[in-house]
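Letter by letter, the chains look like this.
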Amino acid sequence: MNARKRIALGAAAVALASGLTTMPAAAASTQPSSAVSASATRCSAWKSARLKGNPAGMKYQECRRTYKGKKQASGAIYLWDNKHDGKEACGKITIGAWRKDWCWSNESHHSPKYISGWHNGSDAKFGLFLA
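On a predicted model such as this, the values are computed, not experimentally measured, just so you know.

A short note on the state of the cysteines
Part 1 of the reasoning: Scanning the entire structure with this criterion turns up two disulfides.
Part 2 of the reasoning: A sulfur-sulfur distance of 1.9 Å marks the disulfide that ties C43 to C63. Of note, the bridge from C43 to C63 carries an S-S torsion of about 105° and is right-handed in sense. Taken as a pair, C43 in strand β1 (residues 42–43) and C63 in strand β3 (residues 57–67) lie far apart in primary sequence, 20 residues in all. By the burial criterion, C43 is buried, and C63 matches it.
Part 3 of the reasoning: Two residues share a disulfide in this structure: C90 and C103, whose sulfurs sit 1.9 Å from each other. Disulfide C90 to C103: torsion about the S-S bond roughly 105°, handedness right-handed.

Calculation rules
Residues numbered from 1 in each chain as written. Predicted model: local features only at pLDDT ≥ 70, side-chain atom pairs only at ≥ 80, totals over all residues. Heavy atoms only, no water. Disulfide = S-S within 2.5 Å. Helix = DSSP H or I, 4+ residues; strand = E, 2+ residues; numbered from the N terminus. Buried < 20%, exposed > 50% of the residue type's maximum accessible area, 1.4 Å probe, protein only.

In structure tokens form, the structure reads like this:
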């Protein structure tokens, strides 16, 4: 991978991690477009989910791109669990065949941001449950 591609992909990762909805124009690759390069990253607005009858919650965001002709998605979540019941708030991210469950049980503050990374699939699906 040449330096321009590394810079563009690194900038896309920074944009996702910092919650930007698009990659900064200054970081975009100056190479001619081709099926090999990644398309612009598009991210949804942050959304929230809560469990009925429980103060556990999740804030989540989905990002999409096309890379080497394949649709890819990435998800980011924060979790919180304000109830001292011995259970953990768990978020689930599913992208294509890839799935990750991530749990958090510190009642004093929300979790750090979990970012799934890019996986082949047209969208990310999110779920919230107690474990």
